[in-house]
Amino acid sequence: MKLDKKFPLLLICIVTCSLSILPVQAAASGKPVFVKSNKPHPVSNRLIVKFKTSKPEQAMSAQQRHAELSRPLSIEMLQQLQSAAGVQMSALRTTGNGAHVLSLHGKQSVAQAVAAIAKLPDVEYAEEDRIETIQAVPNDTYYTTGLTGYPGLWAMQPVTAATLPSSGNDGSYGADFETAWNTSIGTGVVVAVLDTGITPHPDIVGSGGTISPATGNLISSGYDFITDCRRRGETSSNGCPAVTPDGDEYVAPEPDATDTGDYITLAECTDVNSLFHDLTCTAQSNSSWHGTHVSGIIAARGNNNLGVIGGAYGAKILPVRVLGKGGGWSSDISDAIMWAAGLQLSDQNGPIALNPHPAKVINLSLGSTDSCSIERQAAIDAAVSAGVVVVVAAGNENDDVANSSSANCHNVISVAATGRNGSRAYYSNFSSPASNTTNPVTVTLAAQGGEQLLLTYDPGILSTVDSGATIPEGSTYAYKQGTSMATPHVSAAVALMLAYNPALTPSRVKQILSTPAALTPFPSFVAGWEEWDCSLNHNCGAGILNARLALQNSTTLAPGSGGGGGGGCAIQPYGMSPDLSLLLALLAVAVYRFRRRLFREPTAH
């Protein structure tokens, strides 16, 4: 589309995600079967230690008791415990009664460490921090067998390795959420999905059936940051006149992320006065329901005898609508990143209501083929400084990820897509640092995005959508493929990690997901598959997402720092003063606001 030359910073961000879709109406399910798991009980590597108080708790004042029970574990106390147990440990948190939760680094068993520490004279008690789980395969209808005989949720299931080298279709490289759920389901973690919004799918909102008020796995009704009424889908009947493409019909952000559809009629595409005139259309473009599909991958409700299950089905979705008809403005998306992170924003009408449920993870299954803008980088920096993990689709152009924003921004986790067989999906962007030697951009990891060219073996990723062609009409399920489908698998895994160890910083999360030991190795392929062989080309990141291994590597913080992989912006390292972290976040916000004021586009009312 032709943009006003006076405002070159405005970019239209397009969905970089679902390349194709197999829509199928949900079939009636038979009687669900609850299948007991024969997996062994997960082994704990954590222990709980409580030191004796200086005097009996009942003899303390309320203030003294609070100070005593909330006291962090000192370096000296940690060294004492490590010396007694003969193994390195990391302090994770303090419990409500003043005990300390620690994780072991070495191979010594928890039982041995507990026995040694319990003998210390100033220790009140030491015990294993056990993992209490429900050991079962989910009873969601399409978990094992999908729609019309296609595979079910293969991306949630354990890896079935191919015979190496593979012919290309005899392995199943899922992320093994199934085993990870024995340890964490993401409880309490808010994941913001910046996308087309969300529809009230019962597999997400539950029996309550509404977005506003929020029900089920929604934390709130979210926000709509689309500030052009035409992209939002409004018409002259509700005050949005048809104007020339260079016009701007501003509408303020509003607290409702309902996806009303992103369809474009043939008339809108061919009308020379339409905002969408420069799009290539030969027929109507139907609504994608993309945000609902992505949200279902992350947190569709689990074990509810219905449909699918999300990778972090104990987490909560914060829907943020930034993509509408024809995509969305980059400036809207940058504002939404800041809002989702819990930072205060204002527009010409005054302050925007503060997000009461700040996200710990932001999922960006969107992008544009361009460099990372200063505005976008400032928004991402501010969000990460506030403690938010930003996960971004690498893009679907079969191109160098350096050409895809926001995947080429610093301080993000960029995600390429693999098919079920573990090869790079034919559409997925990839790392090629040699093309950008001054500032190389690399993919962090690959994840399950699907490859529908292999159809019956790999129909893509099954998740929640609406059945309407244009406007919402009812709930169903469909297969899609793309880096937009790979990205929410990673966001879900990050939610599991943060629920399991809330002390993880964004940089430490990225470091873990950049470590081969926390990922499934890429398989090798026979001749004819060289272009898509990640193990041969080393261009798909450190490995394939494996939620079980990611959790196993999430119990400790890097000594003295927040870990590597930060990418050149302000992140609070482990042990840094909270005041300094706040200062860094405020500086990032100030830079962002200055640029927004300097390059603010005019609006029409």
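Residues numbered from 1 in each chain as written. Predicted model: local features only at pLDDT ≥ 70, side-chain atom pairs only at ≥ 80, totals over all residues. Heavy atoms only, no water.

Draft legend 1. Expanded view of the overall build of the chain. Across its full length, the chain carries 15 helices and 22 strands. Of the roughly 24,300 Å² of accessible surface on the chain, a fraction of 55% belongs to carbon and sulfur atoms. (Helix = DSSP H or I, 4+ residues; strand = E, 2+ residues; numbered from the N terminus. Areas by Shrake-Rupley, 256 points an atom, 1.4 Å probe, with all protein chains shown as cover.)

Draft legend 2. Main features of helix α8 (residues 290–299). With ten of ten residues buried, α8 is to be regarded as a mostly interior element. Residues of α8 that are buried include every one of His-290, Gly-291, Thr-292, His-293, Val-294, Ser-295, Gly-296, Ile-297, Ile-298 and Ala-299, and no others. (Buried < 20%, exposed > 50% of the residue type's maximum accessible area, 1.4 Å probe, protein only.)

Draft legend 3. Structural context of the pairing of strand β9 (residues 190–195). Most of β9 sits inside the fold, with six of its six residues counted as buried. Residue alternation in β9 divides its side chains into two sets, Val-190, Ala-192 and Leu-194 and Val-191, Val-193 and Asp-195, and both sets are buried. Where β9 and strand β11 (residues 316–321) come together, six bridges link them in parallel fashion. Paired with Val-193 across the strands is Pro-319, a residue of β11. (Pairing = 2+ DSSP bridges.)

Draft legend 4. Main features of the confidence of the model for the chain. Mean pLDDT over the chain works out to 80, with 77% of the residues at or above the 70 mark. Low pLDDT (under 50) marks residues 1–17, which in the prediction has 58 contacts with non-local residues, meaning those over four places away or in another chain. Overall, residues 594–605 carries pLDDT values under 50, and its contacts beyond four positions in sequence, including any with other chains, amount to 22 contacts. (pLDDT = per-residue confidence, 0-100. Contact = heavy atoms within 4.5 Å.)

Draft legend 5. Here's a closer look at the packing of α8 against helix α11 (residues 483–500). Close contact between α8 and α11 brings their axes to 8 Å; oriented N to C, the two are set at 35°. With respect to the hand of their crossing, α8 and α11 are arranged in right-handed fashion. Contacts between α8 and α11 involve His-290, His-293, Val-294, Ile-297 and Ile-298 on the former and, on the latter, Ser-484, Met-485, Pro-488, His-489, Ser-491 and Ala-492. Across the contact of α8 with α11, the residue classes tally to six nonpolar, five polar and no charged. (Axes fitted to C-alpha atoms, helices over the stretch in contact; angles between N-to-C directions. Left-handed = near helix turned anticlockwise from the far one by under 90°. Nonpolar A, V, L, I, M, F, W, Y, C, P; charged D, E, K, R; others polar.)

Draft legend 6. Representation of the packing of aromatic side chains. As enumerated under the stated definition, the model contains ten aromatic pairs in all. Ring plane angle 45° and centroid distance 4.8 Å describe the contact between Tyr-223 and Trp-339, whose orientation is recorded as tilted. Of the two residues, Tyr-223 sits in strand β10 (residues 223–224) while Trp-339 sits in helix α9 (residues 330–340), which places them 116 residues apart along the sequence. A relative accessible area of 8% means that Tyr-223 is categorised as buried. Trp-339 sits in the buried class, given a relative accessible area of 2%. Here the aromatic rings of Phe-225 and Trp-339 are separated by 5.7 Å at their centres, their planes lie at 55°, and the arrangement is tilted. Of this pair, Phe-225 sits in the loop between β10 and α6 (229–232) while Trp-339 is found in helix α9, placing the two residues 114 residues apart along the sequence. Aromatic rings pair up to connect Tyr-143, Phe-177, Trp-181 and Tyr-313 into one cluster. Above the face of the Tyr-263 ring, Lys-325 is positioned so that its terminal group lies 4.2 Å from the ring centre. (Phe/Tyr/Trp six-rings, centres within 6.5 Å; stacked < 30°, edge-to-face > 60°. Lys NZ or Arg CZ within 6 Å of the ring centre and 35° of its normal.)

Draft legend 7. Region of interest: the packing of α9 against helix α10 (residues 374–385). Between α9 and α10, the least distance of the axes is 8 Å, while the angle of their chain directions is 10°. One element, α9, and the other, α10, form an angle in the roughly parallel class. Contacts from Ser-330, Ser-331, Ile-333, Ser-334, Ile-337 and Met-338 of α9 reach α10 at Glu-375, Arg-376, Ala-379, Ile-380, Ala-382 and Ala-383. Partitioning the contact of α9 with α10 into residue classes produces seven nonpolar, three polar and two charged. (Parallel < 35°, antiparallel > 145°, perpendicular 65-115°, else oblique.)

Draft legend 8. Up close: the environment of Ser-484. Along the chain, Ser-484 turns up in helix α11. Remark: the alpha-carbon pair of Ser-484 and Gly-449, spanning 35 residues in sequence, is separated by 7.3 Å. At 3.3 Å, the side chain of Ser-484 and the side chain of His-290 are in polar contact. (Polar contact = N/O pair within 3.5 Å; in protein donor to acceptor, adjacent residues only side chain to side chain.)

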